Amino acid sequence: MASGKEIRTKIKSVQNTRKITKAMEMVAASKMRKAQDRMRAARPYAEKIRRLAANLSQASISDYKHPFLVHRDKFENIGLILVTTDKGLCGGLNTNVLRMATNAMRDWQAGGVQRIPVTAIGNKGLGFMQRMGARIVSQVTQLGDTPHLEKLIGPVKTMIDAYREGKVDAVYIAYTRFINTMKQEPVVEQLLPLSGDRIGAPEGDWDYLYEPEPQQVIDDLLLRYLEAIVYQALVENMASEQSARMVAMKSASDNAGNVIKELQLVYNKTRQAAITKEISEIVGGAAAV
């Protein structure tokens, strides 16, 4: 059995760890509220631009068919945009989305897909794909707690340009969708070509006056729409990260409290045993005299 001094040292060590996890829990809770506000603020813009894209794509269908809306019958090359976190200590958040992305890549390869270029957003996904030996065509890390779209456009544009040029036949995005504080859901969704489910049906019969030409307006609008989708996925992933980290740190703090109670009980038993032994020795010595 460990001595009383060793047990006291363990108790002190666990108490220090509990202070750290408690502080991280409070920081994550504060960042979580800001991330959720940022996520909710981005949703109206994404919905508005989706409605505009849906109506413009239908209004111009007789004159111009945008490449983003043309479905390809056979997928030989599929691009993947992988969104993960830069930091750890957020439970199984990254593990779940990486597992789902890996399973999707295996299914694509089993279906005859030859190449799967990857755009990695986040340090955890970048490191995982490098260890897998995946072909990484672009990357961005260290976006911070407040992501800026201008840092995101470059890596995402690399994948979009590959689709325009026919180097990939489809583009998918993998991220963690925020459901609520206690639940986050990993998803792999098709980004390109824009399907009917993604872009939706037009609302009413809108008559547009274009300035400049309709083709240029639609080209720019659909590109902005794709950027809005990726940005929305990023802020959803960040809100999920802070929620998962808060839950993980709370669980760690609770477990540390349980360990402290168990160690305190062991310490009390050890101390009581030592006292009993000393009393027995004194009594035995007195009887011998």
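Everything below is about the structure printed above this text.
Residues numbered from 1 in each chain as written. Predicted model: local features only at pLDDT ≥ 70, side-chain atom pairs only at ≥ 80, totals over all residues. Heavy atoms only, no water.

For the rest of this paragraph, the subject is the overall build of the protein. Of the regular secondary structure elements, the protein holds 6 helices and 5 strands. Going from N to C terminus, the protein has its helices and strands arranged as α-β-α-β-α-β-α-β-β-α-α. Scaling as 2.2 N^0.38, a compact globule of 289 residues should have a C-alpha radius of gyration of about 19 Å, whereas the protein reaches 28 Å, well beyond that. Looking at the protein residue by residue over its 289 residues, the buried ones come to 42%. Sequence-distant contacts in the protein: of pairs separated by 6 or more residues, those separated by 24 or more amount to 78%. Carbon and sulfur atoms provide 53% of the accessible area of the protein, an area that totals close to 16000 Å². Each charge class in the protein can be summarised by its mean position, and for the 40 positive and 31 negative side chains these summaries are 13 Å apart. (Helix = DSSP H or I, 4+ residues; strand = E, 2+ residues; numbered from the N terminus. Rg over C-alpha atoms; globule rule 2.2 N^0.38 Å. Buried < 20%, exposed > 50% of the residue type's maximum accessible area, 1.4 Å probe, protein only. Contact = heavy atoms within 4.5 Å. Areas by Shrake-Rupley, 256 points an atom, 1.4 Å probe, with all protein chains shown as cover. Lys, Arg positive; Asp, Glu negative; His and termini not counted. Charge placed at Lys NZ, Arg CZ, Asp CG, Glu CD.)

Every buried residue of helix α3 (residues 123-132) is accounted for by Gly125, Leu126, Gly127 and Met129. At the C-terminal side of α3, glycine 133 shows a positive phi close to 80°.

Moving on to the nonpolar core. Residues Ile81, Ile121, Leu152 and Leu194 are the most contacted members of the largest nonpolar core, which totals 42 residues. The set of elements that each furnish at least two residues to this core consists of α1 (4-59), β1 (78-83), α4 (149-164), β4 (170-180), β5 (183-192) and α6 (214-288). Looking at this core element by element, the count peaks at 15 residues for α6. Counting residues in hydrophobic clusters, the runner-up holds 16 residues, among them Val118, Ala170, Tyr172 and Ala174. (Core = buried A, V, L, I, M, F, W, Y, C linked by side-chain atoms within 4.5 Å.)

Any two side chains of opposite charge can pair, given that their charged atoms come close. The tally for this structure, following the rule as stated, stands at 10 salt bridges. The shortest N-O distance in the salt bridge between arginine 224 and glutamate 227 comes to 2.9 Å. Taken as a pair, arginine 224 and glutamate 227 lie in helix α6 at a separation of 3 residues, close to a single helical turn. Taking the relative accessible area as the measure of exposure, glutamate 227 reaches 8% and is therefore buried. (Salt bridge = Lys/Arg side-chain N within 4 Å of Asp/Glu carboxyl O.)

Overall, the coordinates contain 2 aromatic pairs when judged by the stated rule. Taking 6.2 Å as the distance between ring centres and 55° as the angle between the ring planes, the aromatic pair formed by phenylalanine 68 and tyrosine 163 counts as tilted. Of this pair, phenylalanine 68 sits in the loop between α1 and β1 while tyrosine 163 sits in helix α4; the two residues are 95 residues apart in sequence, bridging distant segments of the chain. Across the pair, tyrosine 163 and phenylalanine 68 agree in class, each one buried. On the numbers, 4.9 Å between centres and 45° between planes, the contact of tryptophan 108 with tyrosine 172 is tilted. Residue tryptophan 108 is located in helix α2 (residues 93-110), and its partner tyrosine 172 is located in strand β4; the two are separated by 64 residues in the primary sequence. This pair shows no difference in class: tryptophan 108 is buried, exactly as tyrosine 172 is. (Phe/Tyr/Trp six-rings, centres within 6.5 Å; stacked < 30°, edge-to-face > 60°.)

Below, the discussion takes up the pairing of β5. Bridge count between β4 and β5: 9 bridges; the pairing is antiparallel. Its bridge partner lying in β5, asparagine 180 is registered against lysine 183. Counting the residues that bridge the hairpin from β4 to β5 gives 2 residues. (Pairing = 2+ DSSP bridges.)

Moving on, we come to a nonpolar patch on the surface. Together, Ile275, Ile279 and Val283 give the surface a local cluster of nonpolar side chains, amounting to about 250 Å² of exposed area. Here isoleucine 275 lies in helix α6. (Patch = residues over 30% accessible without salt bridge, like charges linked within 9 Å, V, L, I, M, F, W, Y side chains within 5 Å.)

As a further point, take the environment of arginine 18. With respect to the helices and strands, arginine 18 occurs in helix α1. Look at arginine 18 and you get partly exposed, because its relative accessible area is 39%. C-alpha of arginine 18 to C-alpha of aspartate 254: the two residues are 236 residues apart in sequence and 8.3 Å apart in space. Residues contacting arginine 18, with those up to four places away along its chain left out, are Ser253, Ala256, Gly257 and Ile260.

Before going further, it helps to spend a moment on the sheet that holds β4. Taken in spatial order, the 5 strands of this open sheet run β3-β2-β1-β4-β5, and their pairing is mixed. Edge positions in the sheet fall to β3 (135-140) and β5, since each of these pairs with one other strand and no more. Here the strands of the sheet are splayed against their neighbours by 20° on average, with no regard to which way each runs. Across 4 bridges, the pairing between β1 and strand β2 (residues 117-121) is parallel. (Axes fitted to C-alpha atoms, helices over the stretch in contact; angles between N-to-C directions.)

The next thing to look at is α2. A rise of 1.5 Å per residue sets the reference length of α2, with its 18 residues, at 26 Å; its end C-alpha atoms lie 26 Å apart and thus fit the reference within 8%. For α2, the set of buried residues is Leu93, Asn94, Val97, Leu98, Ala101, Thr102, Ala104, Met105 and Trp108. Along the long axis of α2, the arc covered by the buried residues comes to 160°, so they all point the same way. Opposite the buried face of α2, by more than 90 degrees, sit the exposed residues Arg106, Asp107 and Ala110. With its phi angle positive at about 105°, glycine 112 sits one or two positions after the end of α2. (Expected span 1.5 Å × (residues − 1). Arc of directions from axis to C-beta.)

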